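Summary of structural features
Residue-level listing of the chains:
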Amino acid sequence: MCKIISSEVVIGNFLLEAVERNTFDVSIEDMVIYDEKLSEQLKEHNYFTRFNFEEILDFKDNYPFFVQGIQSNYIRIMNEMDNKTKLKEQLGRYFRMGMPTLVVNEMISASKSIFDMG
Amino acid sequence: MKTKSIKDTIHGYIQIEEPFWRIIDTAEFQRLKWIEQTSYRVLYPSARHDRFVHSIGVYWLGQKAIDGFVKNCSNREVRVVKKYKDSFLLGCILHDIGHAPFSHTCEDLYNYQEKINKVECSLNSRLLELYKKFAETEVIYGAFEKDYKYILKSTDEICKPPSEHEVMSAIVTIQNFSRFRSFFEKDVCLDLDLTIRSILGCVYAVNPKEPAERKTDCGIKNCLIRLLNSSTVDVDKLDYIARDTQMSGYDNVVLDSERLLDSTCCVSTEDGVYYPAFKKSALSVINNVVLAKNSQAQWIVNHPIVLYDAYLLRRAIGISIKNMYDNEYADSEEIDSFEELLKAVFSCEALTREGRWFGKRNVSLLSDIELLNWMKQNIYIKEILEYFSRDERKSPIWKSNEEFLFCLDAEVEKAKTVSDFIMPLMNYLNIIEDLYLTKEINNKLIEKIKTEDIDGKEELLEILNVLISYTDKAGNDGFEYVILPARNTFFTKINAKHVYICFGSKEQYTDYKSIRGEVTESNKKLYEFFYLYANKKTDAKHFLSYLYRKARACSKIRT
């Protein structure tokens, strides 16, 4: 039985990985590449993602407390709390807790190839 | 030209020209009589309308839009509009011909496991492969392929990937085009390319350096495409907002479509790109479209009863097809898996009169009827019985965001605390979709989670124990739940930057956003909202006070 992962989880986890690395402006292009890598990795385990660009705009509308704005090709993460630990906990609670560990591990692995390149 | 009259509840008498009523008479179009337009009937019992009447309504409004153009545009532009009128109206009447049973509830099952914005996905591949055979010339196909691939990948706010039913409608149109073409006189210009582009919302790419005549030709065609399918005001929206509202009996803002479409015209920007526009007399109607859509989204589409009904329906369909697979195909070579059976059921072939065979079963002209029959064959299953029997259903503990907030003493911080506490459970149950697995919150779920490898397992079990341990004011326990995500902010996704208003001559125009501001909800969303449905009635205030106390005690919740 295949399982579909929502776009929100893909975006939310990408933002979480960015915050882990003290990055608060994330490129949409990188997010698209992240989703493609993640999709490939998850297929083996019978999981699929449904991410597309329109969902980024929806994400901003649905989670304005996480996204400050979208400018040209970048998403600015809200850092109102000015407390990276709290922000990470929040993102983790909203988009990671409750997920199968297998999926979380693949998300972490896919993000490494984006953020830790070069 | 012969015409027939149909009396429509929304638009009064609709005149239908002969070629179009011959299309309406085909089995492929008649199928739409058994596709329910909305999922609102659970809340508004009178909302018994279907895709059939909606498609005819859109055809009628398309005619009105053409009349507006002819009245308000230049002679050169009118010549182009008249040339493509029938192709555009064909798009209007066929725009939903590929709709899935139960409309949007099942739409993504056409493309299950795949992404609609990927060229390689089977639905897009099928469309391109089919159109390659039927396009008038290779050049026309080449241009379509390029423009279509562009919108699939587009991050442009005015161009977006089509939805699954739009692609399927385009496929059905191409498959049947020869037959539909034969209903028209030989000298009538029917441009299949324009028709399918209208259905898909796929505009023609226009090079500003092209000769003026070609720019006008493409520009007017793009106006027609946007009048049927766009992120602005279009005839599809105008019909379904009015129809869904009136058929439900819901007192919404009245839309004067006639006033709006009578003012239809077009404008061209400095580099010669055309957009549909409306004269200033339509401003009040455009404003009402925004209000009506917001209101419908807030009070009907996102009503907890409507959301729960859609959840039950989807689960019932998944369970029924899974049972069909287990009972009839598990040992067969023909269908390898549940997913493959799902694809066979929700396939292009299943929408045709010839149908799709799998084993001894044939599914043709797929509609709500087939799915309901399969569900009834499994009515002994609890989740399916809950769909058919209203008195078996769980009910929402609170029925709106306002009630949720009221029960938490109108304090947004309390709402945030409760919402944050529940989020891991929402992730576990709703973010990964399993079509046929139950999502009930009860002791069985706790036992299941204990055996799984889940991030934040302890937190999840804590949340579940809190919910299951709840006792109401009278001391009753044994509560079981379903939790569904919901929206608590509503703003219409109408692209105000590309709704153009003419004040006087064609050169005197501006966009709606410039004069009216951003079309968004003024209140920013502050917390994630959800509905909780319980198997027993309980006092919402008592329940939420309990939940808040428990959430507050959880050390990881933000304060």
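Note that the structure is a prediction, hence the values are computed from the model and not measured. (Residues numbered from 1 in each chain as written. Chains lettered and ligands numbered in written order. Predicted model: local features only at pLDDT ≥ 70, side-chain atom pairs only at ≥ 80, totals over all residues. Heavy atoms only, no water.)

A look at the overall build of chain A
In terms of helices and strands, chain A carries five helices and five strands. In chain A, the order of α-helices and β-strands from amino to carboxyl end is β-α-β-α-β-α-β-β-α-α. A compact globule built from 118 residues should have a C-alpha radius of gyration of about 13 Å, and chain A, at 13 Å, falls within 12% of that. Each principal axis of the C-alpha distribution contributes one length, and for chain A these read about 40 × 35 × 30 Å. (Helix = DSSP H or I, 4+ residues; strand = E, 2+ residues; numbered from the N terminus. Rg over C-alpha atoms; globule rule 2.2 N^0.38 Å.)

Observations concerning the packing of aromatic side chains
Residue and element names in this part refer to chain B. Scanning all chains against the criterion turns up 42 aromatic pairs over all chains. When the ring of Trp 398 is compared with that of Phe 530, the centres are 5.5 Å apart and the planes differ by 80°; the resulting orientation is edge-to-face. Taken as a pair, Trp 398 in the loop between strand E7 (395-396) and helix H17 (401-407) and Phe 530 in strand E12 (residues 529-534) lie far apart in primary sequence, 132 residues in all. The ring of Tyr 204 has Arg 197 lying over it, and the distance from NZ or CZ to the ring centre is 3.9 Å. (Phe/Tyr/Trp six-rings, centres within 6.5 Å; stacked < 30°, edge-to-face > 60°. Lys NZ or Arg CZ within 6 Å of the ring centre and 35° of its normal.)

Observations regarding the sheet that holds strand E5 (residues 74-77) of chain A
Residue and element names in this part refer to chain A. If you trace the three strands from one edge of the open sheet to the other, you get E2-E5-E4, paired in antiparallel fashion. On the outer flanks of this sheet lie strand E2 (25-27) and strand E4 (67-71), each paired with one strand and no other. Sheet twist, expressed as the mean angle between neighbouring strand axes with direction ignored, is 25°. When E4 meets E5, the two strands line up antiparallel, connected through four bridges. (Pairing = 2+ DSSP bridges. Axes fitted to C-alpha atoms, helices over the stretch in contact; angles between N-to-C directions.)

Digging into the sheet that holds strand E8 (residues 432-433) of chain B
Strand order in the open sheet made by the three strands is E3(A)-E1(A)-E8(B), with mixed pairing throughout. The strands lining the two open edges of the sheet, one partner per strand, are strand E3 (47-49) of chain A together with E8 of chain B. Across three bridges, the pairing between strand E1 (residues 3-5) of chain A and E3(A) is parallel. Bridging from a neighbouring strand, Ile5(A) pairs with Thr49(A) of E3(A).

Quick notes on the interface of chain B and chain A
Contact residues are listed per partner, giving 46 residues for chain B and 37 residues for chain A. Of the roughly 3700 Å² buried between chain B and chain A, counting both surfaces, carbon and sulfur atoms make up 52%. If you look at where chain B meets chain A, you find two salt bridges. In this structure, Glu36(A) engages Lys118(B) in a salt bridge whose closest nitrogen and oxygen atoms are separated by 3.3 Å. Joining chain B to chain A, the criterion identifies 14 residue pairs in polar contact (both at pLDDT 80 or more). Taken together, the residues that form the side of chain B that touches chain A break down as 18 nonpolar, nine polar and 19 charged. Sheet topology note: the E1(A)/E8(B) ladder contains two bridges and is antiparallel. (Contact = heavy atoms within 4.5 Å. Buried area = accessible area lost by both parts, 1.4 Å probe. Salt bridge = Lys/Arg side-chain N within 4 Å of Asp/Glu carboxyl O. Polar contact = N/O pair within 3.5 Å; in protein donor to acceptor, adjacent residues only side chain to side chain. Nonpolar A, V, L, I, M, F, W, Y, C, P; charged D, E, K, R; others polar.)

Some points on helix H3 (residues 53-62) of chain A
Considered for burial, the residues of H3(A) that qualify are Phe53(A), Ile56(A), Asp58(A), Phe59(A) and Asn62(A). Considering only its buried residues, H3(A) is in contact with helix H1 (7-20), helix H2 (28-43), E4, E5 and helix H4 (84-95) of chain A. (Buried < 20%, exposed > 50% of the residue type's maximum accessible area, 1.4 Å probe, protein only.)

Description of the environment of Tyr531(B)
All names here are of chain B. Looking at where Tyr 531 falls in the secondary structure, it is placed in strand E12. Residue Tyr 531 is classed as buried on the basis of its relative accessible area of 3%. Through-space distance from the C-alpha of Tyr 531 to that of His 104 is 21 Å; in sequence the pair is 427 residues apart. Discounting residues that sit within four places of it in the chain, Tyr 531 has contacts with Asn 302, Pro 304, Leu 307, Trp 398, Lys 399, Ser 400, Asn 401, Val 482, Ile 483, Leu 484 and Ala 486.

Overview of empty space enclosed by the protein
All names here are of chain B. Applying the stated criterion across every chain, the model contains four cavities of 30 Å³ or more. Of the pockets and cavities examined, the second largest cavity occupies roughly 40 Å³. If you go around the second largest cavity, the residues you meet are His 95, Asp 96, His 165, Glu 166, Ser 198, Ile 199, Leu 228, Asn 229 and Asp 236. Looking at the lining of the second largest cavity, the elements that each hand over two or more residues are helix H7 (164-181) and helix H8 (192-200). Its residues assigned to classes, the lining of the second largest cavity comprises two nonpolar, four polar and three charged. (1 Å grid on protein atoms, 1.4 Å probe; cavity = no way out; pocket = protein on both sides within 12 Å on 5 of 7 lines; lining within 4 Å. Points joined across faces, edges and corners; volume = space filled by probe spheres on them.)

Some details on the pattern of salt bridges
Residues and elements named next belong to chain B. Counting across every chain of the model gives 37 salt bridges over all chains. The salt bridge involving Asp 217 is made with Lys 221; its shortest N-O contact spans 3.6 Å. Of the two residues, Asp 217 and Lys 221 are both situated in helix H9 (residues 212-228); the distance of four residues between them amounts to about one turn of the helix. Among the residues examined, Asp 217 registers a relative accessible area of 16% and is labelled buried. As a salt-bridge pair, Glu 413 and Lys 416 come within 3.2 Å of each other at their nearest N and O atoms. Here Glu 413 pairs with Lys 416, and both are found in helix H18 (residues 412-431), just three residues apart, close to one helical turn. Overall, Glu 413 belongs to the partly exposed group, its relative accessible area being 43%. Relative accessible area serves as the criterion here: at 16%, Lys 416 is assigned to the buried category. Residues joined by salt bridges that share partners form a network here, namely Lys 83, Asp 191, Asp 217 and Lys 221.

Quick look at unusual backbone geometry
Unlike most non-glycine residues, Asn46(A) shows phi in positive territory, near 70°. Along the chain, the position of Asn46(A) falls in the loop between H2 and E3.

Some remarks on the confidence of the model for chain B
Residues and elements named next belong to chain B. Scored by pLDDT, chain B comes out at a mean of 91, with 96% of its residues at no less than 70. The secondary-structure element of chain B with the lowest mean pLDDT is E8, recorded at 72, while helix H2 (residues 27-30) shows the highest, at 98. Both scores are available for the predicted complex, with the pTM at 0.92 and the ipTM at 0.90. (pLDDT = per-residue confidence, 0-100.)

With respect to helix H6 (residues 138-153) of chain B
Two residues of an α-helix separated by three or four positions point the same way, owing to the 3.6 residues in each turn. Residues and elements named next belong to chain B. Here H6 spans 23 Å end to end across 16 residues, near enough to the 22 Å set by a 1.5 Å rise per residue. The complete set of buried residues in H6 reads Tyr 141, Phe 144, Asp 147, Tyr 148, Ile 151 and Leu 152. With its buried residues spanning 140° around the axis, H6 presents them on a single face. Among the exposed residues of H6, those oriented more than 90 degrees off its buried face are Glu 138, Val 139 and Lys 146. On its buried face, H6 is in contact with helix H5 (122-134), H7 and H8. (Expected span 1.5 Å × (residues − 1). Arc of directions from axis to C-beta.)

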